[in-house]
Amino acid sequence: MKKIIYAMIPARYGSTRLQMKNLALINGQPMISYAINAAKESNIFDKVVVNSEHVVFEKIADRYGVDFYQRPSFLGSSEAKSDDVIANFMRKYNEADIVVWVNPTSPLQTCSEIQKVVKYFIDENLDSLITVENK
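Rules used throughout
Residues numbered from 1 in each chain as written. Predicted model: local features only at pLDDT ≥ 70, side-chain atom pairs only at ≥ 80, totals over all residues. Heavy atoms only, no water. Pairing = 2+ DSSP bridges. Helix = DSSP H or I, 4+ residues; strand = E, 2+ residues; numbered from the N terminus. Axes fitted to C-alpha atoms, helices over the stretch in contact; angles between N-to-C directions. Polar contact = N/O pair within 3.5 Å; in protein donor to acceptor, adjacent residues only side chain to side chain.

Another aspect to go through is the sheet that holds strand E4 (residues 47–52). The 4 strands are arranged E5-E4-E1-E6 in an open sheet whose pairing can be described as parallel. Pairing within the sheet leaves two strands with one partner each, and these edge strands are strand E5 (67–70) and strand E6 (98–101). Along the sheet, successive strands turn relative to each other by an average axial angle of 30°, direction set aside. Across 4 bridges, strand E1 (residues 5–10) lies against E6 in parallel orientation. When the sheet's bridge partners are listed, Ala 7 is paired in E6 with Val 100.

Laid out in structure tokens, this is it:
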């Protein structure tokens, strides 16, 4: 049975260290657009969703042809925990078997990297996975 796989791209509006970093322009495109495009081009997601507390990201989602979920404002604070953001998303999109957190601040992440990670997750029958880079 095919699993339902969603990409969730979290985007806080009120970044504290670098103001509005998800909207910072790289080659004329907002940084978040690179994550959106990589997720779409991977062709493994049944749905790609930008998840933010601020409606400015709804316009970005519309521009790039993906869905938008406006999470509660308290989940956009610097005190909000990643676990709470993903749990809230999973309650909203409970039909998804797998939710993949695609980081909007990783503009060099490719669609093939996303494909490999999701394939590994499924092949190894994992219930959670986090990726890191060895230096």
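When you line up the elements, Glu 53 lands in the loop between E4 and helix H2 (56–63). At a separation of 3.4 Å, a polar atom in the side chain of Glu 53 contacts the side chain of Arg 71.

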